[in-house]
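One letter stands for each residue in the lines below.
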Amino acid sequence: MTDNILVLLDSTPDGQLSKSVPGLLGAATGLGNPIALIVGAGEHADALSAAAAAAGATKVLLADGDNTIYSTPTVDALQAAAALVQPAAVLAAHSDQSKEVVARFAVRTGAAVNYDAIDVTRDAKGIIASHSAYGGAFVVTSAVTFAAPVITVRQGVVEARGTAQPVVAEKLAVTPSGRKSAAIESIDVADAPTSLRPELRGATKVVSGGRGLGTAEKFVLVEQLADALGAAVGASRAAVDAGFVPQTFQVGQTGVQVSPQLYVALGISGAIQHKAGMQTAKTIIAINKDETAPIFEIADFGVVGDVFTVVPQLIAALEASGK
Amino acid sequence: MRIVVLVKEAPDTYGERFLDLETGLADRNKSDRVLDEIVERALEYAISYAEKHEGTEVVALSMATEDATASVRKALAMGADRAVLISDGALVGADVTLTAEVLAAALTHIGYDLVIAGDQSTDGAGGVVPAALSELLDIPQITKLTTIELDDKAVSGTRVIDRVTLKLRAELPAIVSVTERFPDARFPNFKGIMAAKKKPFEVLSVADLGADIDVLAKPRAIMTEISAKPPRAAGVKIVDEGDAGNQLAEFLKKNQLV
Ligand SMILES: Cc1cc2nc3c(=O)[nH]c(=O)nc-3n(C[C@H](O)[C@H](O)[C@H](O)COP(=O)(O)OP(=O)(O)OC[C@H]3O[C@@H](n4cnc5c(N)ncnc54)[C@H](O)[C@@H]3O)c2cc1C
C-alpha cells in the first residue's frame, strides 16, 4: 500500500483553489497517495473538490470553517485529518495562513517541521526537503530525525504536477480543541484585480520598478512593459514605501520571492535584500542610469541608461515586431 | 503590564551572509551580527507604549549563543527595562519546534501579558515561531499585524494578506507579531547606552528554566546537506547611445523571451 500524504490546500476568498495547489499536489504525488484537506469550502465545496481531484488528490476531506475564530479551526481540522489518514508526511503551502497552521499542528502533535521547501523528494532513508537559504546563495537539504515530517512548500516553485483523479469527497468530523484564539471582528475582501496580468507569485516573467521610476504616475511605464511582455508587475521596497504600488508587489527578502524565466529590473539599484527575492531568475535584465549599480553584477543584459527613454523604445520595438 | 519582546540576532543583511559548509549553521565569524530589523520595530512599539503608559515593563527575551549579548544589550539601550538571554550548548542548531519549546518555557518563567515578535526574520524567514508559541502556551495569536491597538485587557489589530484584510482581537495574555510596515526604530542615544549597563541582564540555561525539554525525545528537523551556489556572473552591459531599447528587444527575441 502506498503511504498517504496529507495536503492542506489554500483557497481564495472567491472560492477557488490557490495557485499553490497544483505544485503542492504534484509534490505530494511524488511522495505517495495525495489526500487533500479543504477547510471552510462552504458553498464552493463541490467545485473545490473537483478542482483538487483534477490536480491529483485521490480523496478530498472537507471540514467546516468558522469565520469568527482565527486559525484554530483549521489546526483542529488538520489534526482530525491526520488522525484519520495517518499520513507519512503533511504538506502545506508556505503561505501566511498555512505555515502558521502547520506549525501549531506540529507542536500540538509533537511533529517536526521542514519549512519553505523548494523541492520535496523521497529516497530509501525517507522524505527530504530542499531549501534555498539567504536568497539563493546556498542550497540546504533537510529531513526529520523520525516520525512523519510536516513540510511547507514555497509557492509557485514546484514544477511537478499530479494526475487527474476521480472526485472522491468526504466530510470530515472535527472536534473543536477549544484552544484560546483571537476573534475575527471583520473580514474585508478587496475586489479581484481586474487586469489580466499574471500574478507575481509563480510568474514566469516579471517586470519590477524601483525608486528610479520617480512617482506613482510614472510607474505606469513598468506596467506598460509588463503588458508588452505578458509579465507580472513587481517592485522594490523603496517603490512600495514611496506609495507607487501596494505592498503585495514587493519582491525581495521580506516580499515575494520569484524565480521567473525573465526578470526585468527598472530603476532598481539591486540592494542585497532585493536580490534575495529574484537572483534565482533564469535571465535578468537591468536598466539603471548609474553604471555602478549593484544590479549589474547579476544582470545577463544590463543597460546603463534612462528608463524613460530606453523602455518606450523597447516597447515600440516589441510592438513593431508584432508582439 | 509586562510586555516581552522576542529579540533575535541575525547576520547583517547589508553585508554578505554565509553558511558554514561543515555545520550548516550561520557562520558568525564571517558576517556582522545585528538585531533583526523587524525585531527593532517590535521593540520600538513596546518601548513607546511603555513611555505613554506608566507601570509597563518591557523585557527583551532572546535565545542565542552568549556572543549575542551585544545585540541584546542594544534593546536595553533603546529603552527595554531588562533582558533575558537563553543560551545553552544543547540548543545549537535548534529547529523551529525546539526553539518554540524553549521560548515558551522562558516566557512562563518570566511571566507576561503581551508577547511581541517580528513576523519573520531575515535569516530564517520561517515566520512560524509566534504561532507555535500560541499553541504551546494556549494563548491567542494575532500575527503579521500592520496596525495594533493595545489596552490593559485586550490587543487588536489589522492583518492584510493579499486581498483580505482581517480585524482581529484577543484578550490578554496574547502573542502578536508585527511586520516591517511598523515605524522605524529609534537609535539608542548616549544616555540610553550608559543606562543599559546598569539594567538587569540575565543569562539562563535550559536547566535554569526548570522546564522539561528533551532534545532527542521528539522528532527534530535536521540539515542533511548543504552547498554554496556558484555566484551569478554578470553578462553584457551596454551604455545607451540611443538604440539600447532596440538592442534589448533583439536580445529578448534571440533568447525566445518574447
Ligand atoms: C531588513 C530589510 C529587509 C528589506 N527587504 C527588502 C525587500 O524585500 N525588497 C526590496 O526591494 N528591498 C528591501 N529592503 C530595502 C533595500 O535595502 C533597498 O533599500 C531597496 O531595495 C532599494 O530600492 P530601489 O532599488 O528601488 O531604490 P534605490 O536604492 O534608491 O535605487 C534606485 C535606483 O534607480 C536608479 N534610477 C533613478 N532614476 C533612474 C532613471 N530615470 N532611469 C534609470 N535608473 C534610474 C538609480 O540609479 C538607483 O540605482 C530591505 C531592507 C532591510 C533593512
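Look up: the structure comes first, before these words.
Keep in mind the model is a prediction, meaning the values are calculated, not measured. (Residues numbered from 1 in each chain as written. Chains lettered and ligands numbered in written order. Predicted model: local features only at pLDDT ≥ 70, side-chain atom pairs only at ≥ 80, totals over all residues. Heavy atoms only, no water.)

**Student:** Provide a residue-level description of the overall build of chain A, including the pertinent values.
**Tutor:** Counting secondary structure elements, chain A contains 8 helices and 16 strands. In terms of overall dimensions, chain A has C-alpha extents of about 60 × 45 × 40 Å along its principal axes. Within chain A, the fraction of its 323 residues that count as buried is 55%. As presented, chain A carries roughly 12,800 Å² of accessible surface, and 52% of it is formed by carbon and sulfur atoms. Averaging the coordinates of the 22 positive side-chain charges in chain A and doing the same for the 29 negative ones gives two points 5 Å apart. (Helix = DSSP H or I, 4+ residues; strand = E, 2+ residues; numbered from the N terminus. Buried < 20%, exposed > 50% of the residue type's maximum accessible area, 1.4 Å probe, protein only. Areas by Shrake-Rupley, 256 points an atom, 1.4 Å probe, with all protein chains shown as cover. Lys, Arg positive; Asp, Glu negative; His and termini not counted. Charge placed at Lys NZ, Arg CZ, Asp CG, Glu CD.)

**Student:** Which residues make up the overall build of chain B, and what are the values?
**Tutor:** A tally of regular secondary structure across chain B gives 6 helices and 13 strands. For chain B, with 258 residues in total, the buried portion stands at 53%. When contacts within chain B are restricted to residue pairs at least 6 apart in sequence, those whose partners lie at least 24 apart make up 72%. When the accessible surface of chain B is summed, it comes to about 11,600 Å², and 51% of that surface belongs to carbon and sulfur atoms. (Contact = heavy atoms within 4.5 Å.)

**Student:** Run through the nonpolar core, naming residues and quoting values.
**Tutor:** One finds B:Leu43, B:Leu114, B:Ile116 and B:Val155 to be the most contacted residues of the largest nonpolar core, which totals 46 residues. Broken down by element, the residue count for this core peaks at 8 residues, all from helix α1 (residues 37-52) of chain B. Ranked by size, the runner-up nonpolar core spans 37 residues in total, among them A:Leu229, A:Ala239, A:Leu262 and A:Val303. (Core = buried A, V, L, I, M, F, W, Y, C linked by side-chain atoms within 4.5 Å.)

**Student:** Lay out the environment of A:Thr292 with the relevant residues and their values.
**Tutor:** Residues and elements named next belong to chain A. Mapped onto the elements, Thr292 comes out in the loop between β15 (283-288) and β16 (301-304). Here Thr292 falls in the exposed class, since its relative accessible area comes to 59%. The spatial distance from the C-alpha of Thr292 to the C-alpha of Val304 is 9.1 Å, given a sequence separation of 12 residues. A distance of 2.7 Å separates polar atoms of two side chains, one belonging to Thr292 and the other to Asp290. (Polar contact = N/O pair within 3.5 Å; in protein donor to acceptor, adjacent residues only side chain to side chain.)

**Student:** Break down the site of the ligand for me, with residues and values.
**Tutor:** Among the 28 residues in the neighbourhood of the ligand, the closest are listed as A:Arg211, A:Ser236, A:Ser269, A:Gln273 and A:Asn288. This site is not confined to one chain, since residues near the ligand come from chains A and B. For the ligand, a nitrogen atom lies 2.8 Å from a polar atom in the side chain of A:Thr254. The separation between an oxygen atom of the ligand and a polar main-chain atom of A:Gly255 is 3.4 Å. In isolation the ligand has 990 Å² of accessible area, and contact with the protein removes 86% of it. When contributions to the shell around the ligand are tallied by element, the ones reaching two or more residues are α6 (237-241), α7 (272-275) and α8 (307-320) of chain A. A class-by-class count of the residues in the shell around the ligand yields 7 nonpolar, 15 polar and 6 charged. (Near = heavy atom within 4 Å. Nonpolar A, V, L, I, M, F, W, Y, C, P; charged D, E, K, R; others polar.)

**Student:** Describe the pairing of strand β2 (residues 33-39) of chain A, naming the residues involved and giving the relevant values.
**Tutor:** Residue and element names in this part refer to chain A. Burial of β2 is extensive: 6 of the 7 residues sit out of reach of the surface. Between the parallel pair strand β1 (residues 4-8) and β2, the chain is carried across by helix α1 (residues 21-29), and the sense of this crossover is right-handed. As paired elements, β2 and strand β3 (residues 59-63) share 5 bridges and run parallel to each other. In the strand pairing of β3, Ile35 is matched with Lys59. The parallel pair β2 and β3, bridged by helix α2 (residues 45-54), forms a crossover whose chirality is right-handed. (Right-handed = clockwise from strand over helix to strand, strands pointing away. Pairing = 2+ DSSP bridges.)

**Student:** Talk me through the interface of chain A and chain B; I want residue IDs and the actual numbers.
**Tutor:** Taken together, the 94 residues of chain A in the interface contact 85 residues of chain B. Summing both sides of the interface, chain A and chain B together bury roughly 7,600 Å²; the carbon and sulfur share of this comes to 57%. The three residues of chain A that bury the most area against chain B are A:Tyr134, A:Phe138 and A:Phe301, which together make up 10% of that side's buried surface. On inspection of chain A and its partner chain B, the count reaches 9 salt bridges. Note that B:Arg159 and A:Glu100 form a salt bridge whose closest N and O atoms lie 3.7 Å from each other. Where chain A meets chain B, there are 37 residue pairs in polar contact (both at pLDDT 80 or more). Top element by residues in the side of chain A that touches chain B is helix α4 (residues 96-109) of chain A. It accounts for 9 residues. Residue composition of the side of chain A that touches chain B, grouped by class: 47 nonpolar, 27 polar and 20 charged. (Buried area = accessible area lost by both parts, 1.4 Å probe. Salt bridge = Lys/Arg side-chain N within 4 Å of Asp/Glu carboxyl O.)

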